[in-house]
Amino acid sequence: MRAADVEPTLDALVAGLSPQHVGLLTAHVDGELAGWLALTRPRSRIAGHWGSVTRVQTAPAFRGTGVGTLLMTEVARCAADDWGLDHLVLTVRGGTGTERFYERLGWREHGRHPRALRLGPDDLRDEIQLWLPLSGDGPSSPP
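Just so it is clear, the structure is predicted and the values come from calculations on it, not from any experiment.

Caption draft 1: Structural view of the pattern of salt bridges. For the coordinates displayed, the defined rule picks out six salt bridges. Arg 112 serves as the salt-bridge partner of Asp 126, at 3.0 Å between the closest nitrogen and oxygen. You can see Asp 126 sitting in strand 6 (residues 123-133) and its partner Arg 112 sitting in strand 5 (residues 108-120), a full 14 residues away along the chain. Assessed through its relative accessible area of 39%, Arg 112 is described here as partly exposed. Of the charged contacts in the structure, one is a salt bridge between Asp 123 and Arg 125, with a shortest N-O distance of 2.7 Å.

Caption draft 2: Region of the structure containing the nonpolar core. By size, the foremost hydrophobic cluster in this structure holds 24 residues, and its most contacted members are Val 53, Met 72, Leu 88, Leu 90 and Trp 107. Where this core is concerned, the elements lending two or more residues are strand 2 (32-40), helix 2 (67-82), strand 4 (87-93) and strand 6. Broken down by element, the residue count for this core peaks at six residues, all from helix 2. Ignoring any residue separated from it by four or fewer positions in sequence, one finds Leu 88 in contact with Leu 39, Gly 51, Ser 52, Val 53, Val 75, Ala 76, Ala 79, Trp 107, Leu 130, Trp 131, Leu 132 and Leu 134.

Reading guide: rules and limits
- Residues numbered from 1 in each chain as written.
- Predicted model: local features only at pLDDT ≥ 70, side-chain atom pairs only at ≥ 80, totals over all residues.
- Heavy atoms only, no water.
- Salt bridge = Lys/Arg side-chain N within 4 Å of Asp/Glu carboxyl O.
- Helix = DSSP H or I, 4+ residues; strand = E, 2+ residues; numbered from the N terminus.
- Buried < 20%, exposed > 50% of the residue type's maximum accessible area, 1.4 Å probe, protein only.
- Core = buried A, V, L, I, M, F, W, Y, C linked by side-chain atoms within 4.5 Å.
- Contact = heavy atoms within 4.5 Å.

Quick look at the structure:
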């Protein structure tokens, strides 16, 4: 992961950080940035009980080393324990197989927008919405 590739996005994210509404989680290995993600929650009184995980990235050199699993485990813990959230949502690009990674961590598909993403003239991909309950008190399946 080159700094020039992520700096503009990271700068914008850092500028919007808020202790209870926008968080940044990073993973470092031997002082090197190995991965990162953002956790946001709506500022709405009626929707502030859930959060959204975005910008999940692992540096290519660290893929397959457990960094992604560590990040996703820690964001679920932080969302439940520190922010008191009920569940998380995450959107992934279809056709990459990443949904299988998240499903192994307890995430469940709750929606799909067919052909939502155009990566090229003949490359249309689904956008897949995933859901993760954070407590045993909540519903056992997405609403």
